[in-house]
Amino acid sequence: MDEISYTVDDFQQISEGKATILFPRNNEVFYNPVQQFNRDMSIAAIKTWRDVTNEAKQQRYERSTNPSKTPPSTQFTLLEALAASGLRSVRYAKEIDGIDHIVANDLLPDAVESIRRNVHFNGLSPQLVRAHQGDAVAAMHSLPRFGVVDLDPYGSAAPFIDGAIHAVENGGLICVTCTDLAILASNNHPETCFGKYGGNPLKAGFCHEMALRLVLNSLQQAAGRYRRYIEPLLSCSIDFYVRVFVRVHDRPLLAKTVASQTGVVYHCRYCGTFATQPFGTIDPGKGQSTKYRIAAAPTAAQSCETCGSGQEIGGPCWLGPLHNKQFVQRMYDAVCAADQSVYGTQPRMRGMLKVILEELDDTPLHYDIATLCSAVRCVCPPLTKLNSALLNAGYRVSGVHTHQGSIKTDAPPHVIWDAIRAHVRETGRSSRIAAGSPADRILSAQPTTDISFEPHKDADPESRRTKLLRYQINPEKFWGPKARHSQPAKPPATKRKQGAEPGSEAAQADESMDLDAKKPKAN
């Protein structure tokens, strides 16, 4: 390897966690401090996965009766397929114990040079963090499998998902970021979303949760081709992107359950009422056998049963749990126990993880209270009031981390609307509601549930009572994704773009599909 030569004064030094990175002085978009939360969460998640995995290995070792058994290794390998400056890999190497080595890959020579420079500047061995130049997809298909694969591209991760599934070990962890929410969380370009992720998005109050479910479905469809199964450990909607952490299993039996956890969503364009339709069901067979069946006819009519308006179809998407609550609880406990110097965004990490722990994990999607109240032209009730009504009626309810002012509940739509109608009776009906309008049809329906707004002891979640930082305010002026980092002209043979940070180009997708290519992405 060529000797590394650089002058520190030519670069700007930026510290994050235990890493200090040399960034070009003449490029103000090379580093985005807002993305520190992403890296902090990733470090905490990988640490938790490491501990859970090592404990499971030790338990299998202790149960084994093989006389020639050997103690399991507690080390793992990690691939950052789109490493750019190497900041993420350097932080992983300095802050996560048990890593055998990290492969920090990027397509561009100047990015690989930056990785080597930052590894050297941070006093790390080039054997611990190994700079690798190459196409990310080719690297994931050609290198030995890794315990952890991290994808943090500019825009969509769709071109890299199949390679990541191939590159991760059995029981390994895949960390995926997608910043193309203009595609995933709106209906501006449904054809592009379907082409990239295999499902239609919905412009609704739950659009960011829908984005998570579209990404998870794309991961599972890729895994299914290898008879593998993904287990979502933690799925986060953060600022202008989504970040998911999934464990991959070589268990064909679990892959058979995918149809029952995959389906479409029927959504009313006017009032926001929705229904889910899984593609399959799982029924008990004879003895201990299991029957996998095709699901029955659609769960929703062509017109909304609440207001009579037209409905639209979203998906296919993942309808199973977004998180493993035991994993999240362990991660939350570790974050709370850590010194404040370990995670620079610890208050926000605690707040988001606590809200996720409070979320109902067996009810896909959620209702936006503002959307419900807008449909009948009334002021929004306090969340604790609506929560109390549903809890008093015998149903469960929680908040969601993806959208402030929303509820996730197992109450059927007619019960939710009975609560809204009871609220309107207390506050008064708007004079602007015309006879025969959708709002009039909603309010004219006869109630089917006795609604009580008596305050319920569980109506106010703990995360709110303890004043955790649940929903991040804008951390700085012009805080969004930074502009794409400029690069010298590429040689004619290089036709693809790649990179995890605006230090290298990242979008190996076909240009005709990359409608978000000009949209900025944060590092």
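Above this text is the structure in question.
All of these numbers come straight from a predicted model, not from anything done at the bench.

**Details of the overall build of the protein chain**
Step number 1: Counting secondary structure elements, the protein chain contains 16 helices and 17 strands.
Step number 2: For the protein chain, with 523 residues in total, the buried portion stands at 55%.
Step number 3: Put simply, of all contacts in the protein chain between residues at least 6 apart along the chain, 69% involve residues at least 24 apart.
Step number 4: Here the protein chain has roughly 22800 Å² of accessible surface; of this, 50% comes from carbon and sulfur atoms.

**Concerning the nonpolar core**
Step number 1: In this structure, M140, L184 and L219 are the most contacted members of the largest nonpolar core, which totals 83 residues.
Step number 2: With ten residues, the top contributor of residues to this core is helix α8 (residues 207-224).
Step number 3: When near neighbours in sequence (up to four residues on either side) are disregarded, M140 contacts L79, A81, V149, L151, F160, G163, A164, H166 and A167.
Step number 4: Core analysis: the next-biggest nonpolar cluster, separate from the first, contains 53 residues, W49, V129, M349 and L357 among them.

**Some words on the pattern of salt bridges**
Step number 1: Using the criterion set out here, one finds 28 salt bridges in the structure.
Step number 2: A salt bridge links D180 to K196, with the nearest nitrogen and oxygen atoms 3.8 Å apart. In this pair, D180 is assigned in the loop between β7 (168-178) and α6 (181-184) and K196 in helix α7 (residues 190-197), connecting sequence segments 16 residues apart.
Step number 3: On the basis of relative accessible area, D180 is assigned to the buried category, the value being 1%.
Step number 4: Between R228 and D250 there is a salt bridge, with its nearest N and O atoms 2.5 Å apart. Highlighted residues: R228 in the loop between α8 and β8 (229-238) and D250 in the loop between β9 (241-249) and α9 (252-255), separated in sequence by 22 residues.
Step number 5: A cluster of three or more residues bridged by salt bridges with shared partners is formed by E16, R39, D40, R91 and E95.

**Details of a nonpolar patch on the surface**
Step number 1: On the surface, a nonpolar cluster with roughly 290 Å² of combined accessible area is contributed by L253, I282 and Y292.
Step number 2: Of note, I282 is situated in strand β12 (residues 280-284).
Step number 3: On the basis of relative accessible area, I282 is assigned to the partly exposed category, the value being 39%.

**Section: helix α5 (residues 158-167)**
Step number 1: Residues of α5 that are buried: F160, I161, G163, A164, I165 and A167.
Step number 2: Looking at the buried side of α5, the elements it contacts are α4 (136-142), β6 (146-151), β7, α8, β8 and β9.

**Considerations on the sheet that holds strand β10 (residues 262-268)**
Step number 1: Across the sheet, three strands lie side by side as β11-β10-β14; this open sheet has antiparallel pairing. Of all strands in the sheet, those bounded by a partner on one side alone are β11 (274-278) and β14 (311-318). For this sheet, the mean inter-axis angle between neighbouring strands, taken without regard to orientation, is 25 degrees.
Step number 2: Bridge count between β10 and β11: five bridges; the pairing is antiparallel. Bridged to Y266 within β11 is A275.

**Remarks on unusual backbone geometry**
Keep in mind that most residues, glycine aside, have a negative phi and that most peptide bonds are trans.
Step number 1: Geometrically, the link from G315 to P316 is a cis peptide bond, its omega value of 5 degrees lying close to zero.
Step number 2: Tracing the backbone through its elements, the reader meets P316 in strand β14.
Step number 3: Positive phi is not limited to glycine here, since L365 has a value of about 65 degrees.
Step number 4: Summarising the element assignment, L365 is placed in the loop between α11 (346-358) and β15 (367-368).
Step number 5: With a phi angle near 55 degrees, R377 is a residue other than glycine that sits in the positive phi range.

**Thoughts on the sheet that holds β15**
Sheets are built from strands that pair by backbone hydrogen bonding, the pairs being arranged parallel or antiparallel.
Step number 1: The three strands lie next to each other as β15-β17-β16, forming an open sheet whose pairing is antiparallel. Both outer strands of the open sheet, β15 and β16 (397-398), are each paired with one neighbouring strand and no more.

**Focus on the environment of G394**
Step number 1: Here G394 shows up in the loop between α13 (383-392) and β16.
Step number 2: Sequence spacing of G394 and A411 is 17 residues, and the spatial spacing of their C-alpha atoms is 8.5 Å.

**Some points on the side chain of T409**
Step number 1: Along the chain, T409 falls in strand β17 (residues 406-409).
Step number 2: Given the relative accessible area of 10%, T409 is considered buried.
Step number 3: Reaching out from T409, the side chain makes a polar contact with the backbone oxygen of R396 at a distance of 2.6 Å.
Step number 4: Within the structure, T409 has its side chain in polar contact with the backbone nitrogen of A411 (distance 3.0 Å).
Step number 5: If near-sequence neighbours (up to four positions away) are discounted, T409 is found in contact with L360, T363, L390, Y395, R396, V397 and I416.

**Side note on the environment of V424**
Step number 1: Here V424 is to be found in helix α14 (residues 413-427).
Step number 2: Residues V424 and V379 lie 45 residues apart in sequence; the distance between their C-alpha atoms is 8.5 Å.
Step number 3: Beyond its immediate stretch of four places on either side in the chain, V424 contacts V376, C378, R429 and L443.

**Observations regarding the state of the cysteines**
Step number 1: Applying the stated criterion across every chain yields a total of zero disulfides.
Step number 2: In this structure C268 is a free cysteine whose sulfur lies 3.5 Å from that of C307, the closest cysteine sulfur available.
Step number 3: Assessed through its relative accessible area of 0%, C268 is described here as buried.
Step number 4: In this structure C304 is a free cysteine whose sulfur lies 3.7 Å from that of C271, the closest cysteine sulfur available.

**Remarks on the packing of aromatic side chains**
Step number 1: Considering all chains together, one arrives at four aromatic pairs under this definition.
Step number 2: Joined through ring pairs, the aromatic side chains of F206, F274 and Y367 make up one cluster.
Step number 3: Against the face of Y61 rests K69, its NZ or CZ located 4.6 Å from the ring centre.
Step number 4: One Lys or Arg, K385, reaches over the ring of F453 and ends 4.6 Å from the middle of that ring.

**Points about the packing of α5 against α8**
Step number 1: Across the interface, α5 lies against α8 with an axial gap of 9 Å and an inter-helix angle of 50 degrees. As summarised for this structure, α5 and α8 are arranged oblique, according to the angle between their axes. Judged by the twist between their axes, the crossing of α5 over α8 is right-handed. On α8, the residues touching I161, D162 and I165 of α5 are S218, L219, A222 and A223.
Step number 2: Residue classes in the contact of α5 with α8 are distributed as five nonpolar, one polar and one charged.

The rules we used
- Residues numbered from 1 in each chain as written.
- Predicted model: local features only at pLDDT ≥ 70, side-chain atom pairs only at ≥ 80, totals over all residues.
- Heavy atoms only, no water.
- Helix = DSSP H or I, 4+ residues; strand = E, 2+ residues; numbered from the N terminus.
- Buried < 20%, exposed > 50% of the residue type's maximum accessible area, 1.4 Å probe, protein only.
- Contact = heavy atoms within 4.5 Å.
- Areas by Shrake-Rupley, 256 points an atom, 1.4 Å probe, with all protein chains shown as cover.
- Core = buried A, V, L, I, M, F, W, Y, C linked by side-chain atoms within 4.5 Å.
- Salt bridge = Lys/Arg side-chain N within 4 Å of Asp/Glu carboxyl O.
- Patch = residues over 30% accessible without salt bridge, like charges linked within 9 Å, V, L, I, M, F, W, Y side chains within 5 Å.
- Pairing = 2+ DSSP bridges.
- Axes fitted to C-alpha atoms, helices over the stretch in contact; angles between N-to-C directions.
- Polar contact = N/O pair within 3.5 Å; in protein donor to acceptor, adjacent residues only side chain to side chain.
- Disulfide = S-S within 2.5 Å.
- Phe/Tyr/Trp six-rings, centres within 6.5 Å; stacked < 30°, edge-to-face > 60°.
- Lys NZ or Arg CZ within 6 Å of the ring centre and 35° of its normal.
- Parallel < 35°, antiparallel > 145°, perpendicular 65-115°, else oblique.
- Left-handed = near helix turned anticlockwise from the far one by under 90°.
- Nonpolar A, V, L, I, M, F, W, Y, C, P; charged D, E, K, R; others polar.

From the geometry alone we can't say anything about function, so treat these as descriptive.
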